[in-house]
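# Inside the fold
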Amino acid sequence: MDFEFSDELRMVRDLAREFTDNSVRPISADIERNHCVPRALIDEMSELGLMGVAIPEEYGGTGLGEMGLCVVMEELTRGDFSVAVTYGAHASIGAMSVVVGGTEEQKQRFLPQMAQGRVLGAYALSEANAGSDPGAMTTTAVRDGADWILRGEKVWITNGDSADIVTVYAVTDKARGASGGITAFLVPSNSKGFAVGKREEKMGQRGSSTVTLAFDDVRVADAQRLGAVGDGFKIAMGTLDRGRLALAANCLGCAREAHALSVSYSKERIAFGKPIAELQAIQWMLADSAAEIYAMESMVYRTAWLCDAGQRFSRESAIAKLFASEALDRIVDRAVQIHGGMGYSAEFVIEKLYRDARVTRIYEGTSEIQRLVIARDVLKNGG
Ligand code: COS
């Protein structure tokens, strides 16, 4: 058993850490205030070769797999959650849907450009009445000669307004539902009839753009169909297995930041004539957070290892996402408590981390959905 990161992973971690400390952290407050992750940051990540960290080398990526992606996600989130999410919509669920579902020809065509950051991806599954139950989607794709015509609306799409190509899931056989009735398409955002709608005003992660996308008879060539007709739901779920894991890595990064700030603050803040770090009430909170961070880290990287080893990891990724997001909520809550009034002030970063963290229990599958995935697997396969 080897728990050491390889030299390559250490290099990419150092690169992502340096980028985060030098380019992300100093402008995190501006990103939140302006509700925008500057394009220059994406370009810088492209130049550093981070956009294709999980894309296999034969398709122009760095080939560091889910392990590499988790390392980068963790580091970026230490600096700013919105930057990490903007990155993840492309490098995780955008590009990974092509890795999971694409034909050889599609991988050759799209992945090298995605790895270089020249083509940015996004992932469009949810609809107004199909969030936890994506099988209930109503966006349709109807065959028209050599093309398909897409019609419908997707909601809560990260980077929907900046992506060049969006993986869109649509019903191709209503009678078959999730099992064989949904197909995935790679839809160029400059297609006629593709329209960006409302942008969400959110509690946290305000720099990350979340929009509605409308498809008004968008014509898509059959060559843009991702995987076989009817395989869309499996591609969506296989991609989400990876997305949930990457999100657990985000939670880990955010938790580390909140915890590190809490440790330094508790050593500086004086109460009852001594630093609050010397009070047992504070020490217990710091100890609980340290224990949970260690558990998060262990789950994230063990699950990434499972994925990269080609083993099924749906249950483990749901466990990692469930545990990491719930633990993060407790950790940022403790961080606010340790910081007292300073933790509640918008002048200090803890208040932002508290808001940024809350959605992790909701998106890419709520905690309740993760429990459902885990319980189904436990009942089917034991353990
Ligand atoms: N990988 C590959 N295939 C999968 C899979 C996975 N992780 N999970 C399910 N499938 C397959 C199943 O094997 C099944 O295939 P067959 O019909 O050939 O047996 C098919 O997909 C349908 O699966 P299932 O019957 O489990 O579908 P349900 O409609 O019951 O949905 C849940 C299952 C609820 C778990 C799923 O809808 C889900 O994850 N919902 C949350 C969605 C979500 O996370 N949304 C957030 C927004 S996306 S950013």
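Sequence positions are assigned chain by chain, starting from 1 and proceeding in written order. Residues qualify for local features only when their pLDDT is at least 70, as the model is predicted, and side-chain atom pairs are given and counted only at 80 or more; totals for whole chains, interfaces and linings, by contrast, use all residues. Hydrogens are left out, water is left out, and the side-chain values use all remaining heavy atoms of the structure.

## Side note on the overall build of the protein
Short version of the rule: A run of H or I in DSSP counts as a helix once it spans at least four residues, and a run of E counts as a strand once it spans at least two, with each numbered from the N terminus. The atom set for the radius of gyration is the C-alpha atoms, and the globule formula is 2.2 Å times the number of residues raised to the power 0.38. Only heavy atoms enter the contact rule, under which two residues are in contact if any of them lie within 4.5 Å. Only the protein chains shown count as covering a residue, and every accessible area follows the Shrake-Rupley method with a 1.4 Å probe.
Broken down by element type, the protein carries 12 helices and 10 strands. The C-alpha radius of gyration computed for the protein amounts to 21 Å, which stays within 12% of the reference 21 Å derived for 383 residues, consistent with globular compactness. Each of the three principal axes of the protein carries a C-alpha extent, and together these read 80 × 50 × 40 Å. Taking contacts inside the protein between residues at least 6 apart in sequence as the whole, the part at least 24 apart equals 73%. Surface summary for the protein: the accessible area is close to 16,900 Å², and the carbon and sulfur share equals 53%.

## Comments concerning the packing of helix α1 (residues 7-24) against helix α4 (residues 65-79)
Packed helices, taken two at a time, are described by the angle their axes make and the gap between the axes. Basically, it comes down to this: Structural elements are reduced to axes, namely lines fitted to C-alpha atoms, with helices fitted over the stretch in contact, and the angle between N-to-C directions of any two is expressed from 0 to 180 degrees. Oblique is the label for every angle not falling under 35 degrees (roughly parallel), over 145 degrees (roughly antiparallel), or within 65 to 115 degrees (roughly perpendicular). Rotating anticlockwise by less than a right angle from the far helix to the near helix defines a left-handed crossing, while the corresponding clockwise rotation defines a right-handed one.
Here α1 crosses α4 at 20°, and the two axes come no closer than 9 Å. Relative to α4, the element α1 lies roughly parallel. Note on packing geometry: the crossing formed by α1 with α4 is right-handed. Across the interface between the two elements, L9, V12, R13, A16, R17, F19, T20, D21 and V24 from α1 touch M67, G68, V71, V72, E75, L76, R78 and G79 from α4.

## Section: the site of the ligand
Heads up, the rule is: Being near a molecule or strand, for a residue, comes down to having at least one heavy atom within 4 Å of it. We call two N or O atoms a polar contact when they sit within 3.5 Å, provided that within protein one can donate a hydrogen and the other can accept it, with sequence-adjacent residues counted only if both atoms are side-chain atoms. When residue character is reported, Ala, Val, Leu, Ile, Met, Phe, Trp, Tyr, Cys and Pro are called nonpolar, Asp, Glu, Lys and Arg charged, and the others, Gly included, polar.
Around the ligand sit 21 residues, and of these S132, S179, K234, R244 and R376 come closest. In the environment of the ligand, a nitrogen atom lies 3.5 Å from a nitrogen or oxygen atom belonging to the backbone of G131. Within the complex, the protein chains bury 70% of what would otherwise be the 1,000 Å² of accessible surface of the ligand. Breaking the shell around the ligand down by element, the ones donating at least two residues are α7 (232-268) and α12 (367-381). The element best represented in the shell around the ligand is α7, accounting for 7 residues. Counted by class, the shell around the ligand contains 8 nonpolar, 7 polar and 6 charged residues.

## A look at the pairing of strand β1 (residues 121-124)
Worth spelling out the cut-off: When a residue's accessible area, from a 1.4 Å probe over protein chains only, is under 20% of the maximum for its type it is buried; when over 50% it is exposed; and in between it is partly exposed. Pairing between strands is defined by DSSP: at least two bridges between the two strands are required.
What you see with β1 is no split at all: G121 and Y123 on one side and A122 and A124 on the other are buried throughout. Taken together, the 4 bridges between β1 and strand β4 (residues 165-171) define a ladder with parallel strand orientation. Counted as the bridge partner of Y123 is T167 from β4.

## Re the pattern of salt bridges
What counts here: Basic side-chain nitrogens of Lys or Arg form a salt bridge, by our definition, when they fall within 4 Å of a carboxyl oxygen of Asp or Glu.
The full count for this structure, using the stated rule, is 31 salt bridges. With a shortest N-O distance of 3.6 Å, R13 and D14 are connected by a salt bridge. Judged by its relative accessible area of 38%, D14 falls in the partly exposed class. Note that R151 and D217 form a salt bridge whose closest N and O atoms lie 2.9 Å from each other. One end of the pair, R151, is in strand β3 (residues 147-158); the other, D217, is in strand β7 (residues 210-221), and 66 residues separate them in sequence. Taking relative accessible area as the criterion, D217 reaches 41% and is therefore assigned partly exposed. Each of R17, D21, R25, E75, R78 and E257 takes part in one network of salt bridges that share partners.

## Some remarks on the side chain of Q205
With respect to the helices, strands and loops of the structure, Q205 is situated in the loop between β6 (194-199) and β7. The exposure class assigned to Q205 is buried, which follows from its relative accessible area of 3%. Not counting the four nearest positions on each side in its chain, Q205 is found in contact with F81, S82, V85, D356, V359, T360 and Y363.

## Side note on unusual backbone geometry
Positive phi values are uncommon outside glycine, yet N159 reaches one of about 65°. Relative to the assigned elements, N159 resides in the loop between β3 and β4. Owing to a relative accessible area of 5%, N159 belongs among the buried residues under this scheme. Within the chain, D217 stands out as a residue other than glycine whose phi angle is a positive 55°.

## Section: the domain arrangement of the protein
Applied cut-off: By convention here, the domain bounds are inherited from an automatic or database domain assignment. Once two parts are put together, the accessible area they lose, assessed with a 1.4 Å probe and summed over both, is termed the buried area.
Domain parsing of the protein yields domain 1 (7-119), domain 2 (122-230) and domain 3 (234-381). Spacing between the C-alpha centres of domain 1 and domain 3 amounts to 21 Å. The interface of domain 1 with domain 3 comprises 25 residues on the first partner and 28 residues on the second. Carbon and sulfur atoms make up 62% of the area that domain 1 and domain 3 hide from each other, which totals about 2,200 Å². It is E66, E74 and F81 in domain 1 that bury the most area against domain 3; as a group they hold 30% of the surface buried on that side. Viewed at the interface, domain 3 and domain 1 are joined by 5 salt bridges.

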